[in-house]
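# An overview of the molecular structure
Below are the chains, spelled out letter by letter.
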Amino acid sequence: MAGDRTVACSLLPGVYDFLLKGPMMQTILRSSRATALLAFSPFLVAPAAFAEQAAHVRYQDIREGAYSVVAQVRAKPGKEDALRAATLPLIELVRADPKNLVYFLQEDRAKPGHFIFYKIFASQADFDAHNAMPYVQEWFAKLPELAEGGVEVMRMAILTMPKK
């Protein structure tokens, strides 16, 4: 029960206590904690936050040697907004790829239009398949007009702590 309260309170402070004292919650709690959590989870988490939980990092799926890429692209002067607009849709598309384990798109706060990509795939073959996707190829096709010098890529291997 304390664990349930911790999760709920961290999501919406004060709401959990209010719901816990209501007659409907008392009835559900008598049935089981699992039922209560299941019944009220949509109300305790804002829809956007609920969707974000589904797309969380799956650390257990990331094995030593997984194929990681850190890449950067810089907008041509005056093309910062256009490059951002072309790049933002990649977030949803790449994260929806079942072979993608981690994807972050970041923009330099001090230099708008300077983007850093961080991606992890289980293998180079999975990454190569990702790069062959039509939406990735369409994005690459826009770069000569929007970016200076194309994409700079560092291909990395994930390291893990040795087992004792």
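Residues numbered from 1 in each chain as written. Predicted model: local features only at pLDDT ≥ 70, side-chain atom pairs only at ≥ 80, totals over all residues. Heavy atoms only, no water.

## Regarding the environment of F140
Tracing the chain through its elements places F140 in helix α9 (residues 134–146). In sequence terms F140 and V151 are eleven residues apart; their C-alpha atoms lie 8.7 Å from each other. Setting aside chain neighbours within four positions, we find F140 in contact with N131 and V151. (Helix = DSSP H or I, 4+ residues; strand = E, 2+ residues; numbered from the N terminus. Contact = heavy atoms within 4.5 Å.)

## A short note on the packing of helix α6 (residues 80–87) against helix α7 (residues 89–96)
Orientation of α6 relative to α7, taken along the N-to-C sense of each, is 25°, at an axis distance of 5 Å. Between α6 and α7, the crossing angle belongs to the class labelled roughly parallel. Contacts between α6 and α7 involve A85, A86 and T87 from the first element and P89, L90 and I91 from the second. Across the contact of α6 with α7, the residue classes tally to five nonpolar, one polar and no charged. (Axes fitted to C-alpha atoms, helices over the stretch in contact; angles between N-to-C directions. Parallel < 35°, antiparallel > 145°, perpendicular 65-115°, else oblique. Nonpolar A, V, L, I, M, F, W, Y, C, P; charged D, E, K, R; others polar.)

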